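The lines below spell out each chain.
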Protein chains: 2
Amino acid sequence: MRENCWQGNRNASSSLGMTLDHARRLAAHALELAQKAALLGEVPVGAIVVQQGRVIGEGHNQPRALHDPTAHAEIMAIRAACATLGSDRLMGCDLWVTLEPCAMCAGAISHARIARLHYAASDPKGGAVEHGPRLFQQPTVLHKPEVYAGVGEADAAALLKQFFAARR
Amino acid sequence: MRENCWQGNRNASSSLGMTLDHARRLAAHALELAQKAALLGEVPVGAIVVQQGRVIGEGHNQPRALHDPTAHAEIMAIRAACATLGSDRLMGCDLWVTLEPCAMCAGAISHARIARLHYAASDPKGGAVEHGPRLFQQPTVLHKPEVYAGVGEADAAALLKQFFAARR
C-alpha cells in the first residue's frame, strides 16, 4: 500500500506546483546517480535533495568504497544538503530517491525534517516506508514527510534488477 | 519489554565472557562521551564500538555542531570503527550506547552487522528497539544483534534529565 502514488498523475504533481515533466527530470537526476553507483560496483541507488527547485545535495550508494555502512544515497544527499545550508534541518525540502528508503534512511529523513519524499521503486525486502516497520505510520515518529511513490519506477527497478542479475 | 535486561545480573555478563565490572567500565566510557556532548550543548548521548575488549570507535551526539542530522552517537561510533577496520561491516563487535537507539541508528546497527547492542537508558519517545517500530523484531530485518539493556541506566538517564531540565 502506497500512501500516495502519482505515477502518471498530473493532478498530484500539479498540487505540488510542479509539472510531471519537472518531476520526471528530478527522478532522472536521481537515476543518473544510481547509475554512477552501479559503475562503481555499489548497489545502484541515487538521491537528491531539492529546495525550491534547486538541487542542494546529491548522493549515491557507496558503503563499500567509503567503508561506511551508513553511506546510503539518501544519507549522502541529506549530509550534502545540510552542508550546503549550514543547518541540520532541511525544512521545506524534497528528497528524490530511486528506491524506497530503509529504516536507517527513513529515520534520517525524519530527523532532517524533509517535507516531501519521492521514491521510484518500492523495496519489499528492505523498505521501511510501505513495507516492514512502515516508519512514517508509527505513532512515535518525530516528523513524517508527505510520501509520493512511482515516478521513474520502471527505470530504477530495471537498473537494480540488471545489477543483481550480473552478480549471480 | 526488554529483550534482555542484565542490570546487576552477573550470570548474563558471565555468559558473554565478561565481568559486570568490565561491563560497567564500558558503559562508563560511553557515559563520558555523553557528558562531552552535553558540554557542547548537544543532547547527551555517547557510544563506543568494542572489538574483543578493545574500543575501535567512539562517538557523541553532534548534529548541531556538524550540521548533520545523522550525527548521532551510534552513527559516529560505527563510522569511526569502520574506518579503523577498513570495512563496512563490524562482525563480532559490540556497541555500547547510553540511550536506546532511534530507528535511524538501529538501522545502522543492523547494516553494520553489530553482534551485540548494549544500551543504558530506554527511550519511550524516540527509541526503536523496545519502543515504536521495535526494529529488531520486524520480520524483514536484515540482521539483528543480541540486545542487552540497563547497565549504567541511572547515570545515563540522570544526565539526560539534567540536560533537558536546564533548557526549560
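Just so it is clear, the model here is predicted, and its values are computed rather than measured.

A word on the pattern of salt bridges
Residues and elements named next belong to chain A.
So, point 1. All told, the structure shown has 4 salt bridges over all chains when counted by the stated rule.
So, point 2. Taking the shortest distance from any N to any O, the salt bridge between Arg116 and Asp94 comes out at 2.8 Å. With Arg116 in strand 4 (residues 116-121) and Asp94 in strand 3 (residues 94-99), this pair connects stretches of sequence that are 22 residues apart. Side by side, Arg116 and Asp94 carry an identical accessibility label, which is buried.

Concerning helix 2 (residues 20-39) of chain B
All names here are of chain B.
So, point 1. In this model helix 2 runs 28 Å from its N-terminal to its C-terminal C-alpha over 20 residues, within 8% of the 28 Å that 1.5 Å per residue would give.
So, point 2. Those residues of helix 2 not exposed but buried are Leu20, Ala23, Leu26, Ala27, Ala30, Leu31, Leu33, Ala34 and Ala37. Looking straight down helix 2, one finds that the buried residues subtend no more than 155 degrees of arc, so they occupy a single side. The outward face of helix 2, more than 90 degrees from its buried face, is lined by the exposed residues Arg25, Glu32 and Leu39.
So, point 3. Just beyond helix 2, the residue with positive phi is Gly41, at close to 80 degrees.

Describing the sheet that holds strand 4 of chain A
Residue and element names in this part refer to chain A.
So, point 1. Taken together, 5 strands build an open sheet; the order of strands is 2-1-3-4-5 and the sheet is mixed. Where the open sheet ends on each side, the last strands, each with one partner, are strand 2 (54-60) and strand 5 (146-149). Along the sheet, successive strands turn relative to each other by an average axial angle of 15 degrees, direction set aside.
So, point 2. The pairing of strand 3 with strand 4 spans 5 bridges and is classified as parallel. Along strand 4, the bridge assignment pairs Trp96 with His118.
So, point 3. On top of the sheet, helix 4 (residues 73-85) reaches strand 1 (46-51), strand 2 and strand 3; it is set at about 140 degrees to strand 2, its chief contact.

A word on the UniProt feature "domain: CMP/dCMP-type deaminase" (unreviewed entry) in chain A
So, point 1. Within this numbering scheme, the UniProt entry marks residues 21-130 of chain A as carrying the feature "domain: CMP/dCMP-type deaminase" (unreviewed entry).
So, point 2. With 41% helix and 23% strand, the stretch residues 21-130 of chain A has end C-alpha atoms that lie 25 Å from each other.

Thoughts on the relation of the copies chain A and chain B
Both copies of the chain are related by a screw-like operation: a rotation about an axis and a shift along it.
So, point 1. Once chain A is rotated about the relating axis by 180 degrees and shifted along it by 0.0 Å, it coincides with chain B to within an RMSD of 0.0 Å. Taken together, the rotation and translation relating the two chain copies correspond to the operation of a two-fold axis. Taking the C-alpha atom as reference, chain A places Met104(A) closest to the rotation axis, 1.9 Å from it.
So, point 2. Take the interface residues of chain A: 100% of them recur as interface residues in chain B, which is what a same-surface contact looks like.

Here's the deal with the side chain of His131(A)
All names here are of chain A.
So, point 1. Of note, His131 is situated in the loop between strand 4 and strand 5.
So, point 2. We classify His131 as buried; its relative accessible area is 17%.
So, point 3. A polar side-chain atom of His131 sits 2.8 Å from a polar atom in the side chain of Glu100.
So, point 4. At 3.5 Å, the side chain of His131 and the backbone oxygen of Asp123 are in polar contact.

Comments concerning the pairing of strand 1 (residues 46-51) of chain B
Residue and element names in this part refer to chain B.
So, point 1. By the criterion of burial, strand 1 is predominantly enclosed, with 5 of the 6 residues buried.
So, point 2. Across 6 bridges, strand 1 lies against strand 2 (residues 54-60) in antiparallel orientation. Residue pairing across strands places Gln51 opposite Arg54, the latter belonging to strand 2.
So, point 3. Connecting strand 1 to the antiparallel partner strand 2 that follows it, the hairpin turn spans 2 residues, and Gln52 within it adopts a positive phi of roughly 45 degrees.
So, point 4. Of the pairings in the sheet, the one linking strand 1 to strand 3 (residues 94-99) comprises 4 bridges and is antiparallel in character. Bridge pairing links Ile48 to Trp96 in strand 3.

Parameters at a glance
- Residues numbered from 1 in each chain as written.
- Chains lettered and ligands numbered in written order.
- Predicted model: local features only at pLDDT ≥ 70, side-chain atom pairs only at ≥ 80, totals over all residues.
- Heavy atoms only, no water.
- Salt bridge = Lys/Arg side-chain N within 4 Å of Asp/Glu carboxyl O.
- Helix = DSSP H or I, 4+ residues; strand = E, 2+ residues; numbered from the N terminus.
- Buried < 20%, exposed > 50% of the residue type's maximum accessible area, 1.4 Å probe, protein only.
- Expected span 1.5 Å × (residues − 1).
- Arc of directions from axis to C-beta.
- Pairing = 2+ DSSP bridges.
- Axes fitted to C-alpha atoms, helices over the stretch in contact; angles between N-to-C directions.
- Contact = heavy atoms within 4.5 Å.
- UniProt positions renumbered as here; feature names shortened; annotations may be inferred.
- Least-squares fit on C-alpha atoms with pLDDT ≥ 70 in both.
- Polar contact = N/O pair within 3.5 Å; in protein donor to acceptor, adjacent residues only side chain to side chain.

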